[in-house]
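Each chain, written out:
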Amino acid sequence: MTFLLPFGEMTMTPDDAKQIIGLALEGKVVFEGFNNFIPFEELFFLAKYFLGWEKLEAEEEFEIGGGAMPKDKRSFSVPGERLETINMTRKINMVRLREKFEDSGSKTVSGKVVMDRARSRHTSISYLLHSLGTVFFPDFSGNKVNACYLQWLKTLSLDPETNEVPRYSWGTALLASVMENLCKASRWNITQIIGCVARIQNWALEKPTGGRYPFRGTQHKAKEMEMVDMRKKLDALTIDDVVFDPYLKLDEDGEDEVGDRVFSDVATYVGPLFHSTGFIILDPRRTLRQIGNVQRILPEDSRFKLSVDNSQFKDKNVRLTYEPAPSIDHWNARSEGVNQISRRALETSHGTSVADENYMEWYQDLSHPYVENLDPEARKHFKKGESLKSRTSRNEESD
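Every chain is numbered independently, its residues counted from 1 as its sequence is written. With pLDDT at 70 or above as the cut-off, local features in this predicted model cover only qualifying residues; side-chain atom pairs require 80 or more to be listed or tallied, and sums for whole chains, interfaces and linings still use all residues. Excluding hydrogens and water, the side-chain figures rest on all heavy atoms present in the structure.

A. Structural detail: the overall build of the chain. Numbering goes from the N terminus for both helices and strands, where a helix is a DSSP run of H or I of at least four residues and a strand is a run of E of at least two. A tally of helices and strands in the chain yields 13 helices and eight strands. In the chain, which comprises 399 residues, the share counted as buried stands at 40%. In this scheme, a residue with accessible area under 20% of its type's maximum is buried, one over 50% is exposed, and one in between is partly exposed, where area comes from a 1.4 Å probe on protein chains only.

B. Representation of the environment of serine 264 in the model. Topologically, serine 264 is positioned in the loop between α10 (223–235) and β5 (271–274). Not counting residues within four places of it along the chain, the set of residues in contact with serine 264 comprises Leu25, Glu26 and Arg343. In what follows, residue pairs with any heavy atoms lying within 4.5 Å of each other are defined as contacts.

C. The arrangement of the packing of aromatic side chains in detail. Stacked, edge-to-face and tilted are the three classes for Phe, Tyr and Trp ring pairs, Trp counted by its six-membered ring, which pair at centre distances within 6.5 Å; planes under 30 degrees apart are stacked, over 60 edge-to-face, the rest tilted. According to the stated counting rule, one finds 19 aromatic pairs in the structure shown. Grouped by ring-pair contacts, the aromatic residues Phe34, Phe137, Tyr149, Trp152, Tyr168 and Trp170 constitute a single cluster. Placement of a positive charge over a ring is assigned whenever Lys NZ or Arg CZ falls within 6 Å of the ring centre and within 35 degrees of the normal to the ring plane. Sitting above the plane of the tyrosine 49 ring, lysine 48 keeps its charged end 5.7 Å from the centroid. When the ring centre of tryptophan 331 is taken as reference, the NZ or CZ atom of arginine 334 above it lies at 3.7 Å.

D. View of the pairing of β5. Where β5 and strand β6 (residues 279–282) come together, four bridges link them in antiparallel fashion. Bridge pairing in β6 links phenylalanine 274 to phenylalanine 279. As consecutive antiparallel partners, β5 and β6 are separated by four residues. Any two strands with at least two DSSP bridges between them are considered paired.

E. Highlighting the environment of threonine 123. With respect to the element layout, threonine 123 can be found in helix α6 (residues 117–136). For threonine 123, a relative accessible area of 15% translates into the label buried. Once the C-alpha coordinates of threonine 123 and lysine 100 are considered, the two residues, 23 residues apart in sequence, prove to be 8.9 Å apart. Once residues within four sequence positions are removed from consideration, threonine 123 is found in contact with Phe101, Ser104 and Met115. In protein, a polar contact means a hydrogen-donor-capable atom and an acceptor-capable atom, both N or O and within 3.5 Å, with residues adjacent in sequence counting only if both atoms are side-chain atoms; elsewhere, any N or O pair within 3.5 Å suffices. A distance of 2.8 Å separates a polar side-chain atom of threonine 123 from the backbone oxygen of arginine 119.

F. Just the pattern of salt bridges, in detail. Just to be clear on terms, a salt bridge is a Lys or Arg side-chain nitrogen sitting within 4 Å of an Asp or Glu carboxyl oxygen. Summed over the entire model, instances satisfying the criterion amount to 11 salt bridges. Via salt bridges that share partners, Glu57, Glu61, Arg96 and Lys100 belong to a single interconnected network.

G. Spatial organisation of the nonpolar core. Here, the term nonpolar core denotes a set of buried Ala, Val, Leu, Ile, Met, Phe, Trp, Tyr and Cys residues that are joined through side-chain atoms within 4.5 Å. Counting 60 residues, the largest nonpolar core has Phe62, Ile92, Leu129, Trp152 and Trp170 as the members making the most contacts within it. Contact partners of phenylalanine 62, with chain neighbours within four places excluded, come to Phe40, Leu43, Phe44, Ala47, Asn87, Met88, Thr89, Lys91, Ile92 and Ala147. Phe263, Val270, Ile291 and Leu346 belong to the second largest nonpolar core, which has seven residues in total.

H. Molecular detail of the packing of helix α4 (residues 94–101) against α6. The N-to-C vectors of α4 and α6 enclose an angle of 155°; their axes lie 10 Å apart at closest approach. For the element pair α4 / α6, the angle class is roughly antiparallel. As α4 runs across α6, the sense of the crossing is left-handed. The segment α4 lies against α6, with Met94, Leu97, Arg98, Lys100 and Phe101 engaging Arg119, His122, Thr123, Ser126, Leu129, His130, Gly133 and Thr134. Inter-axis angles, ranging from 0 to 180 degrees, are taken between N-to-C directions of lines fitted to C-alpha atoms, where helices are fitted over the stretch in contact. To sort the angles, those under 35 degrees are grouped as roughly parallel, those over 145 as roughly antiparallel, those from 65 to 115 as roughly perpendicular, and the leftovers as oblique. In this scheme the crossing of two helices becomes right-handed for a clockwise turn of the near helix relative to the far one and left-handed for an anticlockwise turn of less than a right angle.

I. Structural view of helix α3 (residues 55–65). Most of α3 is tucked away, with eight of its 11 residues classed as buried. Here α3 has its buried residues at Ala58, Glu59, Glu60, Glu61, Phe62, Glu63, Ile64 and Gly65. For α3, the secondary structure elements touched by its buried residues are α2 (40–51), β3 (91–93), α4 and β4 (144–146). Within two residues after α3, glycine 67 carries a phi angle of roughly 110°, on the positive side.

J. Highlighting unusual backbone geometry. Of note, the bond from glutamate 323 into proline 324 is cis; its omega dihedral lies within 30 degrees of zero at 0°. Along the chain, proline 324 turns up in the loop between β8 (322–323) and α11 (328–332). Unlike most non-glycine residues, aspartate 103 shows phi in positive territory, near 55°. Its location among the elements puts aspartate 103 in the loop between α4 and α5 (104–110).

K. Seen up close, the confidence of the model for the chain. When pLDDT is averaged along the chain, the result is 82; 81% of the residues meet or exceed 70. Predictor confidence is given residue by residue as pLDDT, running from a minimum of 0 to a maximum of 100. Within the chain, helix α13 (residues 376–398) has the poorest average pLDDT of any element, 59, and helix α7 (residues 150–153) the best, 96. Contacts for the low-pLDDT stretch residues 77–83, under 50 throughout, to residues beyond four places or in other chains number four contacts.

Structure below.
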């Protein structure tokens, strides 16, 4: 997945995830062995041993995660009638999660809790679970976390031999989640985006050098005018406005590289990157300038070909199908040189915007590099924004 811009393609790369957030790229994919519909009996087990909740307490938390009130605040039926039934979800309310485990120091001093080894582990796991729900993989609710994430944390320990948590490829999981959510949010009928939005904002400020674009929000009367201006600025970007590798260190003259700019093997990997429930396809041949090489025309022999007939585009749930079907084996085989770009076939060009002579002609023939949409329905909204801008300008002049 890439952004089609006037000068070529750019994307958020695994190297960006490493440089900006510092998360590991190599390792086991979080998708492997993860069950997003784990049976509740197994979830009760995880809650007991990794959060310290007995079954009744876990049931209540999963009910509250589904929107129920705490049991001591519910209005039950009169005796003889069926009691109120609440459906459980695999969600935990993060406010209640914090209340149960926050401020451990003062609670220990006051005697409210005993900070033994088990409590210490429960607190550590709750902190990581809360981070997964607020920072890395937030959902539309804004205050709930997927309890199934406990599957990733169950080996957490001080023993590096048994602790599997640091061995996951967290950087690629976050990247895959962000990019898939961007794909879904690009649909015309979608008004929200979920995921680690701060990661997108940080990348956008690192790469294009045009600065922040002010936008006052959906309630401001001139929001349509501002949206039009933002789109025009994006369409006006040139190759000189972009930094393909902001992490490259150059000398004072800006000509020679200082130190060695090292990319991991993931930088030249072509294949699926997985998050908890899905994947994106990474193809760095489309964005070679971001990994220090001359940009070339994409070869016709696509490693993973999009199957248009078997994909779903027309509603909110975008589902892309590829041939061959992406699997964890593609990721695991990268260390064997499979699904890798041959570095010997690349031409190094650190920190520059060099592309093959015919690249731009090829790119513009095949892509849609401008935000302004020529579709009649889109043009109607564009003209509406332009009209509003004109009226606003006249009103300001008359004032």
